[in-house]
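A structural walkthrough
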Amino acid sequence: MKFIAFNVREDERVYFEEWSKVNNIKVDLHTEEITSDNLNSFNGYDAVIGLQTGKYPAGFFEKMKEFGIRDFSIRNVGVDNVDLQSAKDNEVTVTNVPAYSPNAIAEFAITQLMQMLRQTRVFRRKFAKQDYRWAPYISKELRALTVGVIGTGRIGRAAIDILKGFGAKIVAYDPYHNPQLEEEGVYVDTLDELYQVSDAITLHMPATEQDRHIIDAKAIAKMKDGVYIVNTARGILIDTTALIAALKSGKIAGAALDTYENETPIFNRNLQGRELQDKTFKELISLDNALVTPHIAFYTETAVENMVIISLDSAKSVVETGTAATVVKY
Ligand code: NAD
Ligand code: COI
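Quick notes on the rules
Residues numbered from 1 in each chain as written. Chains lettered and ligands numbered in written order. Predicted model: local features only at pLDDT ≥ 70, side-chain atom pairs only at ≥ 80, totals over all residues. Heavy atoms only, no water. UniProt positions renumbered as here; feature names shortened; annotations may be inferred. Helix = DSSP H or I, 4+ residues; strand = E, 2+ residues; numbered from the N terminus. Buried < 20%, exposed > 50% of the residue type's maximum accessible area, 1.4 Å probe, protein only. Axes fitted to C-alpha atoms, helices over the stretch in contact; angles between N-to-C directions. Parallel < 35°, antiparallel > 145°, perpendicular 65-115°, else oblique. Left-handed = near helix turned anticlockwise from the far one by under 90°. Contact = heavy atoms within 4.5 Å. Nonpolar A, V, L, I, M, F, W, Y, C, P; charged D, E, K, R; others polar. Near = heavy atom within 4 Å. Polar contact = N/O pair within 3.5 Å; in protein donor to acceptor, adjacent residues only side chain to side chain. Areas by Shrake-Rupley, 256 points an atom, 1.4 Å probe, with all protein chains shown as cover.

Taking an unreviewed UniProt entry as the reference, the protein chain is identified by name as D-2-hydroxyacid dehydrogenase belonging to Ligilactobacillus ubinensis. Word for word, the UniProt comment on the protein chain under Sequence similarities (unreviewed entry) is "Belongs to the D-isomer specific 2-hydroxyacid dehydrogenase family."

Put into structure tokens, the structure is as follows:
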């Protein structure tokens, strides 16, 4: 058995090498992403291991079929960039790592919410200019706020646990109700109800085409004035142009974005010294009340180790048995 892995970072290498030794399976590591240029390098392998936020190239699964490869294992959660119909058509099993560390993302979401509430960005900027005054940047406390959680899956539930620790009041929206949260009475029936009562909103739902720009100008208009928004889920859930307008008008007091709808050519790339081409992104990051991070919510030691080990275990299981606990339903 032999695997090929793409977009491998230095911090992942040790886990790949350990797994390979323990399981006596060769895993060839490549630092580049999967593109149309490297599909032919799949030949001779039993599984392809991937991790990227951009779309996998056209002809990807066709190439796997041509080479008789039956497994594609991604090291991350989101499958929004994987063409599952094409995987099905080409009889390739796809696995993901659904729970490498929900806490990593939840902790980061709440960290960013706290930073916005305590206005650390403004104070850092003032501090650099030796302006050490307090007023007028007075803060709100989390226990005085109602936080709306959209999506109560693994990460949403971890975020709720953390928020409860701070004493925040929780309201949640999810088409599927978690029984324990249902018992606690946190669910509202519609997003509109959540918008009406939430002082802060955090997104923890998957990205589907159907939910593209679910947070648009119309949705924002229904929210409380001065609401805070946190998005560690996926960029396409928010209409960035509408968000920028609301951040400028003060309708939205602050937005913490770990994902951005056109992030692929920007995040996790070294663009030092280069002019940013994306005008919307440039405008967004120029705003004092936009706290933008380059898709790092997942990036902890625990998460990275689990991402590598679980994806490889899944690939091995699919190759040996035809299935794995982490198979993504087509
Ligand atoms: P999950 O599948 O465990 O939970 C998602 C929940 O969203 C489910 O309960 C589902 O019923 C609910 N949902 C589906 N459609 C919805 C809708 N229209 N409105 C409200 N809720 C809806 O997923 P998860 O592991 O909790 O991941 C949540 C999000 O976080 C995903 O978008 C994932 O891609 C993203 N993510 C981001 C990072 C990061 O580093 N920023 C890392 C991992 C995952
Ligand atoms: C995910 O696991 O879905 C993420 O968003 C993390 C990223 C490295 C793709």
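Having seen the structure, we can now continue with the description.
Some remarks on unusual backbone geometry
Following alanine 135, the chain continues to proline 136 via a peptide bond in cis, the omega torsion being 5°. Residue placement: proline 136 occurs in the loop between helix H5 (120-128) and strand S6 (146-150). Positive phi, normally seen in glycine, also occurs at asparagine 7, with a value near 60°. For asparagine 7, the location among the structural elements is in the loop between strand S1 (2-5) and helix H1 (10-23). One non-glycine residue, asparagine 268, lies in the positive phi region at around 60°. Along the chain, asparagine 268 falls in the loop between strand S10 (252-257) and helix H11 (279-286). The exposed category is assigned to asparagine 268, whose relative accessible area is 63%.

Section: the packing of helix H10 (residues 240-249) against H11
Two packed helices can be described by the angle between their axes and the distance between those axes. Two numbers describe how H10 lies on H11: the axes approach to 10 Å, and their chain directions differ by 25°. Taken together, the axis directions place H10 and H11 in an arrangement best described as roughly parallel. In this structure, the crossing between H10 and H11 has a hand that is left-handed. Together, Thr240, Thr241, Leu243, Ile244, Leu247 and Lys248 of H10 and Thr280, Glu283 and Leu284 of H11 make up the contact between the two elements. Residues of the contact of H10 with H11, tallied by class, amount to four nonpolar, three polar and two charged.

Remarks on the site of ligand 2
Surveying the vicinity of ligand 2 reveals the residues Leu51, Thr53, Asn76, Val77, Gly78, Tyr100, Arg234, His295 and Phe298. Measuring from an oxygen atom of ligand 2, one finds a side-chain N or O atom of asparagine 76 at 3.4 Å. Contact between ligand 2 and arginine 234: an oxygen atom at 2.7 Å from a side-chain N or O atom of the residue. For ligand 2, the protein covers 90% of the area, taking 280 Å² as the surface of the free molecule. Per-class residue counts for the shell around ligand 2 are four nonpolar, four polar and one charged.

Considering the site of ligand 1
Around ligand 1, 25 residues are found, and the nearest of them are Arg154, Ile155, Asp174, Met205 and Thr232. One of the backbone N or O atoms of threonine 232 is found 2.9 Å from a nitrogen atom in ligand 1. Protein chains bury 86% of the 860 Å² of accessible surface belonging to ligand 1 in isolation. Counted by class, the shell around ligand 1 contains 13 nonpolar, seven polar and five charged residues.

Section: the packing of helix H4 (residues 102-117) against helix H6 (residues 154-165)
Where H4 meets H6, the closest approach of the two axes is 8 Å, and the angle between their N-to-C directions is 50°. Accordingly, the angle class assigned to the pair H4 and H6 is oblique. Between H4 and H6 the crossing geometry is right-handed. Contacts from Pro102, Asn103, Ile105, Ala106, Glu107, Ile110 and Leu113 of H4 reach H6 at Arg154, Ile155, Ala158, Ala159, Ile162 and Leu163.

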